[in-house]
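# Close look at the chain arrangement
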Amino acid sequence: MVYSPERNSLAGTAFTGSALHSALMETGVYSGRRRTLHGVKDANGSSMGRGKSSTIKVPAFAFQAYLFLFLVSGFVFFSPASAQAQSAKKWEKRGQDAEVRQDYDTAYEDYRQATLKDPKDLTYKAHFERMRFQAGVSHIDRGRVLHQSGDLAGALNEFLRAREIDPSNETAQQEIDLLQHPEAASHTPPVPSPSGAVSGTPDTRQSEIVNELNSVAGPIQLKPVSDDPITLHAVEDVKVIYQAIGKLAGLNVIFDPDYTSKRIPIDLTNVTLSDALRIVGTEAGTFYKPVTTNTIFVAANTRTKRAELDEEAVQTFYLTNASQQSDANEVLTAIRNLLDPTTKVNLVPSQNAIVIRSTPDQLLLAQKLINDLDRARPEVVVDVAILEVNRDKVRQLGLALPQQVTITPQASPTTTSSSTSTGTGTGTGTTSSNFTLNSLAHLNATNFAVGISGATLDALLNDADTRVLQNPSIRATDGQRAQLKIGQRIPIATGSYNAGVSTGIASIGVQTQFTFIDVGVNIDMTPTVHYDNEISLKMKVEVSSQQSSVTISGVTEPIIGQRVIDQVIQLKEGEPSILAGILTTQNNLTVNGTPGIGELPIFKYFFSSRRTEKQQDEVVFLLIPHIVRESVLSRLNTRAIDTGTGQSIELRHTDAAEQAAMDIGNPGFVNPKSPSTGPATSAANAAAAMVQQMQKQAQPLTPPASAIAPGGPPVSLSVVAPVSAQTVGSTFQVAVMLGNGRDVYSVPLQMQFNPKVLQLVNVDTGNFLGRDGQAVALVHRDDGNGLVTISSSRPPNVSGVSGQGSLCTLTFKAVAAGDSNLALVKVGARNSAQANLPAVGSQAVVHVK
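Residues numbered from 1 in each chain as written. Predicted model: local features only at pLDDT ≥ 70, side-chain atom pairs only at ≥ 80, totals over all residues. Heavy atoms only, no water.

## Quick notes on the overall build of the protein chain
The line we're drawing: Working definition: helices are DSSP H or I runs of at least four residues, strands are E runs of at least two. Numbering for both runs from the N terminus. Burial status follows relative accessibility: with a 1.4 Å probe on protein chains alone, a residue under 20% of its type maximum counts as buried, one over 50% as exposed, and anything between as partly exposed. Residues count as neighbours in contact if any of their non-hydrogen atoms are within 4.5 Å of one another.
Secondary structure assignment for the protein chain yields 20 helices and 37 strands. Scored against the burial criterion, the 849 residues of the protein chain give a buried share of 35%. When contacts within the protein chain are restricted to residue pairs at least 6 apart in sequence, long-range pairs at least 24 apart make up 68% of them.

## Overview of the packing of aromatic side chains
Basically, it comes down to this: Pairing of aromatic rings covers Phe, Tyr and the six-membered ring of Trp, with a centre-to-centre limit of 6.5 Å; geometry is then stacked below 30 degrees between planes, edge-to-face above 60, and tilted otherwise. Charge-over-ring contacts are defined here by two conditions on Lys NZ or Arg CZ: a distance within 6 Å of the ring centre and an angle within 35 degrees of the ring normal.
On inspection of all chains with the given rule, the structure shows 4 aromatic pairs. Here the aromatic rings of tyrosine 242 and phenylalanine 255 are separated by 6.0 Å at their centres, their planes lie at 70°, and the arrangement is edge-to-face. Of this pair, tyrosine 242 sits in helix H10 (residues 238-249) while phenylalanine 255 sits in strand S6 (residues 252-255), placing them 13 residues apart in sequence. A single burial state applies to tyrosine 242 and to phenylalanine 255, both of which are buried. When the ring of phenylalanine 753 is compared with that of phenylalanine 812, the centres are 5.2 Å apart and the planes differ by 70°; the resulting orientation is edge-to-face. Note that phenylalanine 753 is positioned in the loop between strand S28 (731-752) and strand S29 (758-765) and phenylalanine 812 in strand S32 (residues 801-814), a separation of 59 residues in sequence. Summarising the burial analysis for this pair, phenylalanine 753 and phenylalanine 812 share the class buried. Site record: aromatic cluster; members linked through ring pairs are Phe732, Phe753 and Phe812. Over the aromatic face of phenylalanine 255 sits the side chain of lysine 239, whose NZ or CZ is 5.5 Å from the ring centroid.

## What to know about the packing of helix H5 (residues 104-117) against helix H6 (residues 122-149)
Two quantities define a packed helix pair, namely the angle between the helix axes and the distance between the axes. Applicable threshold: Inter-axis angles, ranging from 0 to 180 degrees, are taken between N-to-C directions of lines fitted to C-alpha atoms, where helices are fitted over the stretch in contact. Every angle not falling under 35 degrees, over 145, or within 65 to 115 is termed oblique; those three ranges are roughly parallel, roughly antiparallel and roughly perpendicular. By convention the crossing between two helices is left-handed if the near helix lies anticlockwise of the far one by an angle smaller than a right angle, and right-handed if it lies clockwise. Charged means Asp, Glu, Lys or Arg here, nonpolar means Ala, Val, Leu, Ile, Met, Phe, Trp, Tyr, Cys or Pro, and polar covers whatever is left, Gly included.
Relative to each other, H5 and H6 sit at 155°, their axes nearing to 8 Å. Considered as vectors, H5 and H6 are oriented roughly antiparallel to each other. Two packed elements cross with a definite hand, and for H5 against H6 that hand is left-handed. Every residue of H6 that contacts H5 at Tyr104, Asp105, Ala107, Tyr108, Tyr111, Arg112, Ala114 and Thr115 is listed here: Tyr124, Lys125, His127, Phe128, Arg130, Met131, Arg132, Gln134, Ala135, Ser138 and His139. Of the residues belonging to the contact of H5 with H6, the class tally is 9 nonpolar, 5 polar and 5 charged.

## Quick notes on the sheet that holds strand S10 (residues 313-318)
Applicable threshold: Pairing between strands requires that DSSP locate at least two bridges from one strand to the other.
Taken together, the 3 strands give an open sheet; going across it, the order is S10-S12-S11, and neighbouring strands pair in antiparallel fashion. Both outer strands of the open sheet, S10 and strand S11 (344-348), are each paired with one neighbouring strand and no more. Strand-to-strand, the axes of this sheet are offset by a mean angle of 15°, without reference to chain direction. Summarising the sheet, S11 and strand S12 (residues 353-358) pair through 5 bridges and their orientation is antiparallel. Its bridge partner lying in S12, valine 348 is registered against alanine 353. Helix H13 (residues 325-338) rests against S11 and S12 of the sheet, and its axis sits at about 175° to S11. The sheet contacts of helix H14 (residues 360-373) involve S10 and S12, and relative to S10 the element is tilted by about 10°.

## As for a nonpolar patch on the surface
Put simply, the rule reads: In this analysis, a patch consists of residues with relative accessible area above 30% that form no salt bridge, clustered at 9 Å for like charges and at 5 Å for the nonpolar side chains Val, Leu, Ile, Met, Phe, Trp and Tyr. Each accessible area is a Shrake-Rupley result for a 1.4 Å probe, and residues are judged covered by the shown protein chains and nothing else. Salt bridges are identified by distance alone: a Lys or Arg side-chain nitrogen within 4 Å of an Asp or Glu carboxyl oxygen.
Taken together, the side chains of Val405, Ile407, Leu437, Leu440, Leu443, Phe448, Val450 and Ile452 define a hydrophobic patch exposed on the protein surface, amounting to about 840 Å² of accessible area. Mapped onto the nonpolar patch, the elements with two or more residues apiece are strand S14 (405-409), helix H15 (437-441) and strand S17 (448-452). Relative to the helices and strands, leucine 437 resides in helix H15. Look at leucine 437 and you get exposed, because its relative accessible area is 74%.

## Quick look at the environment of valine 235
Position of valine 235 among the secondary structure elements: in strand S5 (residues 230-237). A residue is classified by how much of its surface remains accessible, and valine 235, at 47% relative accessible area, is partly exposed. In sequence terms valine 235 and isoleucine 266 are 31 residues apart; their C-alpha atoms lie 6.0 Å from each other. Excluding anything up to four places from it in sequence, valine 235 contacts Arg263, Ile264 and Pro265.

## So, the UniProt feature "repeat: TPR" (unreviewed entry) in the protein chain
The condition that has to hold: UniProt positions are given in the numbering used here, feature names are shortened, and annotations may be inferred rather than shown by experiment.
If you check UniProt for "repeat: TPR" (unreviewed entry), the listed places come out as residues 88-121 and 136-169 in our numbering. For the annotated span residues 88-121, helix accounts for 79% and strand for 0% of the residues, and the straight-line distance between the end C-alpha atoms is 9 Å. Across residues 136-169 one finds 82% helix and 0% strand; the C-alpha atoms that close the span lie 8 Å apart.

## Digging into the pairing of strand S31 (residues 787-793)
A large share of S31 lies buried, amounting to 7 of its 7 residues. Of the two faces of S31, the one lined by Leu787, Thr789, Ser791 and Ser793 and the one lined by Val788, Ile790 and Ser792 are each fully buried. Taken together, the 7 bridges between S28 and S31 define a ladder with antiparallel strand orientation. Residue pairing across strands places valine 747 opposite serine 792, the latter belonging to S31. As paired strands, strand S30 (residues 777-782) and S31 are joined by 6 bridges and run antiparallel to one another.

Following this line, the structure appears as structure tokens:
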């Protein structure tokens with residue numbers, strides 16, 4: 001702080017000399033007449049005091065305080081302001097820390113400050129631009145979650161914030177248009193305003209197109225005045241019966257002029273309008289079509305009349321899981337074969353869409369077929385373990401006597417004497433001569449030289465143990481080929497030719513052609529996932545290495561040793577299987593010694609050396625498949641539906657009460673988002689956005705007594721784990737049960753487990769929130785440290801569920817022996833009015849052996 005005498009206030013970051021003097025006087029640090037501090041100057045550079053120094057009456061503690069203030073004031077005076085103290089590097093470091101915590105808003109602001117500090121540094125700019133996109137996407141994902149849960153105001157704020165952070169992201173503007181103008185958002189592109197900003201207001205021509213498209217009505221739906229059950233017993237003309245039913249339901253009935261009426265008996269008791277019209281049409285051989293919402297047209301049920309009178313509509317169906325052309329062609333073929341031959345069906349590959357023009361009932365049947373067939377492909381992760389053990393044990397023990405004796409004949413040496421006069425004395429020399437006839441006649445032992453090699457004592461033990469473990473994991477989609485290659489590519493000569501033969505220039509020489517082969521671990525896999533959680537694997541596993549080399553025609557070629565497994569097997573999920581086990585054993589015995597005596601039982605250890613070598617080579621191929629994505633089927637996908645007669649396709653609709661009685665359950669393929677919201681930008685970001693929302697919604701494990709509603713006990717969440725101990729490598733399921741439910745709409749929770757013992761495989765929805773046939777949105781995130789966050793919610797604008805049942809099912813894999821607690825550390829619940837419900841959680845223990 002700086003004390004300014006002119007303003008009589010504290011400002012800035014440093015004390016001036018006079019201000020420091022006054023401050024110390026006021027605080028009682030020292031007292032007396034005007035004192036002078038030698039060597040200290042004020043803000044103007046002049047001395048703080050003139051004259052002689054006076055004695056300062058300073059207590060010990062006061063002197064320490066005075067010295068502290070002096071040092072702090074000098075340090076702050078020579079340092080930049082607090083706003084300027086943060087350098088670009090520090091802002092960058094703060095941004096990186098925030099990014100690790102997935103706090104993208106803070107990271108975006110920190111990177112922006114770093115860029116402002118040092119605009120020329122491209123690293124800061126790159127991080128800022130990347131985080132701008134990431135922060136914008138996180139707000140978009142969070143806004144979509146809020147939109148799905150019905151919080152439109154919160155969703156709009158998130159989308160506006162996303163557009164403010166990243167104006168180049170058109171998704172934010174589209175979501176804003178969707179909230180503000182839901183009827184025109186999907187058709188109205190953003191229009192630039194004169195100032196350069198993007199506006200969602202369309203121009204006049206675009207408004208006309210949108211209004212015209214919105215004015216196009218869909219198929220007519222009957223809206224009878226009365227839905228009361230119909231009871232009618234009569235034998236009358238068909239027209240009279242139709243008119244009687246029309247009066248009871250408040251409908252107008254008109255007839256085809258070509259239709260010839262007849263008398264029929266009819267007996268109806270407490271039937272709905274649609275059933276009554278169906279029964280009369282079957283009895284009289286007629287059909288009806290809505291003309292207006294309260295008028296039907298009746299005609300004879302013939303193919304000609306059907307073709308003339310059936311109303312047709314056009315609808316576009318977008319495929320969400322067709323990753324390649326063949327997938328869309330299979331769905332297209334099924335639709336063409338099951339619908340009426342006159343139905344017009346067209347595939348648009350560029351948009352992954354199918355356009356159909358047909359009757360409303362056939363369009364609905366096509367929608368049902370697409371929901372059943374356009375499903376996400378299952379995915380499999382296969383853990384492959386290749387273990388190779390090489391052991392070479394050598395033992396050599398014994399005493400090897402001389403193995404050879406050499407005898408060399410030589411002449412007898414002769415001695416000659418000679419005198420040499422030197423300054424020091426005389427000498428005598430001996431010389432040898434060659435064989436003569438005389439020396440051959442007088443051979444004796446001195447004429448032979450004998451050479452004997454030395455004996456060898458062997459005591460050697462060599463034990464080499466080599467273990468090679470290769471454990472790759474490969475993930476593949478159902479029916480799609482996946483390859484994994486780890487190793488090297490080695491060149492091999494495949495041929496040679498002499499270019500000089502064709503050109504007549506002999507100096508060109510021989511040209512050698514090469515190709516490359518993959519050496520190492522090569523895995524080629526095509527999985528097929530069955531709906532009983534079994535997996536068929538068409539696999540080829542090859543382990544190869546270069547053993548040595550050989551020279552052929554002047555070219556050095558490598559010798560490749562390989563072990564190949566090529567087969568088709570079917571396994572259960574998580575079942576380990578040994579593809580092949582290869583064991584090679586080789587025993588070698590080598591004996592070196594004196595013949596005869598070296599073979600005697602006892603003397604062989606003294607007159608021979610024995611070398612024993614044992615080689616073992618063992619290779620094991622092991623794999624374990626794991627299903628990481630399933631294609632879940634429900635009764636909605638497998639149940640039979642009424643499609644009418646062979647002459648025409650006509651669907652029969654049921655009311656809400658009958659649908660609830662059927663207990664269809666989770667319909668399987670249902671996009672939890674509304675059709676107009678579009679796909680999520682990033683699954684990871686959507687999960688992170690959901691986690692942040694659930695962290696705000698989650699309640700403590702044990703709520704305070706005041707939080708428990710007086711009308712009943714709190715919602716209870718319990719963990720149901722298997723009682724028996726699990727084995728390492730096995731998979732098992734744990735259910736989270738909900739009890740005391742009252743209008744439960746959404747449930748966020750967090751579960752803690754021991755990651756050293758258990759590994760989370762998947763989270764599936766239970767039957768509680770979707771027991772009335774509504775789609776359940778289930779989002780989960782595994783943080784990797786044994787904490788999984790889960791959120792289950794029902795569709796917007798529907799009521800909650802009461803009672804008890806299974807909320808979700810977690811699939812775990814036992815990875816190590818031990819015990820793991822499964823504790824619900826945070827639980828929460830909301831009703832259909834988005835009000836918090838009191839909730840309590842529990843925990844369980846899983847034993848792994």
